[in-house]
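# Report on the structure
Read off the chains here:
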Amino acid sequence: MTVERYPHLKATDPEIYDLIQKQSKFEASTLKMIASESYAIENVLEACGSTLTNKYAEGYPAARYYEGNEYIDEIENLAISRGKELFGCEHMNVQPYSGSPANSAVYRALLKYGDKIMGVPVSDGGHLTHGWKVSFSGQDFQQIPYRPNQETGRLDMDEVREIAKRERPKLIWAGMSAYPFKLDYAAFADIAQEVGAYLVADIAHINALIIAGVHPDPVPYCDVVTSTAHKMLRGPRAGFLMSKIEDRYHEQYHPESKWNLAQLLDRAVFPGLQGGPHMHAVAAMACVFKYAQTPEYKEYGAQIVKNAQALCAELEALGRPIAGGGTETHLLLLDFRKEEFTGKDAAKALAKCGIIANFNMVPGDTRSPFKTSGVRLGTSALTSVGMKEKDMKKVAEWIDRVCTHINDIDSVAPQIRAEIAEFCSGFSFPGTNA
């Protein structure tokens, strides 16, 4: 029996209801291949729509600035305990509103204005908050860039070490938004130790792979680990921080402070950057942390990589170059440097046909960030609805047809769009009636 969703919206605000229904139908009839997106589990959607939206809870458990938070404290403590068990970390903060605020808290806790940081530029697969010039992180701090090799698409850790020894950054970011290979956290840790830098891993894109054991675990090696709960994890739109409790550079960088590393981070989140936490999101985070400890979830994390590698192999067999020649994670980069059309052209054509991705720069890209020579493809969302390796063959064939007909896309788009909608009807999409 079909369950009627949002009955009150339907009755009182039909405009919003109609738009939500259209988006739900759209998501259930297209291939969601944006690497930073997936489908939240039903528990998460229910918790996010709960009465917890009503409650202000500035402060931390047992130290609130509002009354009536007895159950709120239990919820936040439960999220923290589940998260610590899941990732094996010493300290966790579940209050950041998203990944960028979590990264902002790291800067506020550990650095001073103008300090040097090492990160990968956005043009080479890094994140805005790792020091890119249009972000606060690039305006308030001095980014020392390190990049993947233009030919191999991989990081050269000897080169990273040389840059770090020459520039002596105070903080090194390990983590990217468009890097398809595993990260060597042990090597990063050795470099950070050698130059006296904090090592911070941003695992927003790869947390499920770490949980599943198909990607190295940064927690034993890093001072701080940041993440989002949405994207691959399938939780709410929220962020969280993990860290050691003690600050190994306390005497060197914070001799005037009485706070340890965990306390510095907590104070940076609140009251440094935020007011009351979004408790509906914190509860939803607790839900996904519980789910992520199940065998089913670990199978999902492993399957993401299997699907990405299968898709990569099928596309290469069809003659579509992949930047770096492969993937070890959830994403791959179609490389159109030798084509007359751009990554933006390809992304728009794919979208017309029901394949939702984003144009993206590839290592060594000579086109602008507004056009690019690549398209980033991710398999997290496809995996979350039950797709397997055999399904990636069909996905690759559709992508190849779009690229083949890019100059007359309007003539083939209706047929491909219909085929994809029919294909999607065989899967279950959380949060929709499809």
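As a reminder, the structure under discussion sits directly above these lines.
Description of the structure in this document. (Residues numbered from 1 in each chain as written. Predicted model: local features only at pLDDT ≥ 70, side-chain atom pairs only at ≥ 80, totals over all residues. Heavy atoms only, no water.)

## Brief notes about the nonpolar core
Let me state the cut-off plainly: What is meant by a nonpolar core is a set of buried Ala, Val, Leu, Ile, Met, Phe, Trp, Tyr and Cys residues, joined one to another through side-chain atoms within 4.5 Å. Whether a residue is buried, partly exposed or exposed follows from its accessible area with a 1.4 Å probe, protein chains only, as a fraction of its type maximum: under 20%, in between, or over 50%, in that order. Strands here are runs of E lasting at least two residues and helices are runs of H or I lasting at least four, both read from the DSSP assignment and numbered beginning at the N terminus. Residue contacts are counted whenever heavy atoms from the two residues lie within 4.5 Å of one another.
Core analysis: the largest hydrophobic core is formed by 69 residues, its most contacted members being Ile172, Phe188, Phe240 and Phe289. Per-element accounting of this core gives the leading share, 10 residues, to helix H12 (residues 279-291). Those residues within four positions of Phe188 in sequence are excluded, and the remaining contacts are Tyr146, Leu155, Met157, Val160, Ile172, Trp173, Ala174, Leu183 and Leu199.

## Concerning the packing of aromatic side chains
Formally: When two rings of Phe, Tyr or Trp (its six-membered ring) have centres within 6.5 Å they constitute a pair, described as stacked for plane angles under 30 degrees, edge-to-face for angles over 60, and tilted for the intermediate range. The criterion for a charge sitting over a ring is simple: Lys NZ or Arg CZ within 6 Å of the ring centre, and within 35 degrees of the ring normal.
Using the criterion set out here, one finds 20 aromatic pairs in the structure. Arranged with centres 5.3 Å apart and planes meeting at 85°, the rings of Tyr291 and Tyr297 form a pair that is edge-to-face. Each member of the pair Tyr291 and Tyr297 is classed as buried. Ring centres 4.9 Å apart and planes at 55° place the aromatic pair Phe336 and Phe341 in the tilted group. Among the residues examined, Phe336 registers a relative accessible area of 2% and is labelled buried. Take Phe341: its relative accessible area is 10%, and that puts it in the buried class. Stacked on the ring of Tyr300, the Lys or Arg Arg234 has its end atom at 5.6 Å from the ring centre.

## Things to note about the pairing of strand E11 (residues 331-335)
Look at any regular strand and the pattern is simple: side chains alternate between the two faces of the sheet. The condition is simple: Any two strands with at least two DSSP-identified bridges between them are counted as paired.
Judged by how many residues are buried, E11 sits mostly within the fold: 5 of 5 residues are covered. Burial of the side chains of E11 extends over both faces: Leu331, Leu333 and Asp335 are buried on one face and Leu332 and Leu334 on the other. The pairing of E11 with strand E14 (residues 374-378) spans 5 bridges and is classified as antiparallel. Residue Leu332 lies in a different strand from E14, and its bridge partner there is Leu377.

## As for unusual backbone geometry
With omega at 10°, the peptide bond leading from Phe270 into Pro271 counts as cis. Here Pro271 is to be found in helix H11 (residues 261-273). With a phi close to 50°, Lys231 is a non-glycine residue in the positive phi region. For Lys231, the location among the structural elements is in the loop between strand E9 (224-228) and strand E10 (239-243). The exposure class of Lys231 is buried, given its relative accessible area of 14%. A positive phi angle is found at Arg234, which is not glycine, with a value near 75°. Looking at the secondary structure, you find Arg234 in the loop between E9 and E10.

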